[in-house]
Amino acid sequence: MKARLACLSAVFAIAAWAAPEPATPTVDASDLPALGKNWLETNPYRGNAEIAELGHQIYSQTCQRCHGPDADGSRSPAADLRRLDAYCLRIEDADLRAWCTRDVDAYFLKSIRHGKKFVGTVHMPPWEGVLSQEQMWAIKTYIETRKP
Ligand code: HEC
């Protein structure tokens, strides 16, 4: 019970620390290949170094303040985003690994589109309407270059 209370107060400390207003990036992302109106389930830009660089800039303006500079969440209160794909990378079977990566992609997009709420407290604001789908996948492409 004590541990649970300590855990809850840590969660509320994060919520109080984090201003939940999403920041609009000023990086020019108009060169990103257009993805259309439908939400994709997997990262269409994976492995593209130029897009990863652009994603890094967008990340720095929008996610860094909570998830840490260079996506190194080990020093930040919000989740370490580098470990999202780490689990899949350990899977040797290529088909299973691809399946796992698709799952992580879908989870990533859902998390940022809708944000994260915990008993009514906003931990992460929703980014849908602030970031385009192109910008969201560019950020993911950058995070994939940051293996733990
Ligand atoms: C205001 C602080 C804040 C900002 C800004 C922010 N996040 Fe978050 N994010 C959080 C917190 C706190 C959590 C953990 C919430 C929870 O699990 O209840 C989280 C969780 C996540 C998760 C789920 C991680 C997991 O391990 O389950 C993803 C993915 C994510 N954020 C991506 C992003 C991206 C991409 C951006 C930039 C567009 C961003 N976040 C900006 C605070 C923030």
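Since the structure is predicted, the reported quantities are computational estimates derived from the model, not experimental observations. (Residues numbered from 1 in each chain as written. Predicted model: local features only at pLDDT ≥ 70, side-chain atom pairs only at ≥ 80, totals over all residues. Heavy atoms only, no water.)

Asks: Would you explain the environment of Glu50 in this entry?
Replies: Along the polypeptide, Glu50 turns up in helix H2 (residues 49-62). Residues Glu50 and Ala138, spaced 88 residues apart in sequence, show a C-alpha to C-alpha distance of 9.5 Å. (Helix = DSSP H or I, 4+ residues; strand = E, 2+ residues; numbered from the N terminus.)

Asks: Could you clarify how one ought to interpret the coordination of the iron atom of the ligand in this entry?
Replies: Think of it this way: four donors in a tetrahedron around the metal ideally sit 109.5 degrees apart, and six in an octahedron ideally sit 90 or 180 degrees apart. For the iron atom of the ligand, every protein donor is listed as His67 (NE2) and Met124 (SD), and the spread of their distances is 2.0 to 2.1 Å. Around the iron atom of the ligand sit six donor atoms, and with donor-metal-donor angles ranging over 81 to 179° the site reads as octahedral. Residue His67 is found in helix H3 (residues 64-67), and its partner Met124 is found in strand S2 (residues 121-124); the two are separated by 57 residues along the sequence. Judged by its relative accessible area of 11%, His67 is buried. Owing to a relative accessible area of 15%, Met124 belongs among the buried residues under this scheme. (Donors = N, O, S within 2.8 Å, 3.2 Å for Na, K, Ca; no water. Tetrahedral: all angles 85-135°; square planar, octahedral: opposite > 155°, others 65-115°. Buried < 20%, exposed > 50% of the residue type's maximum accessible area, 1.4 Å probe, protein only.)

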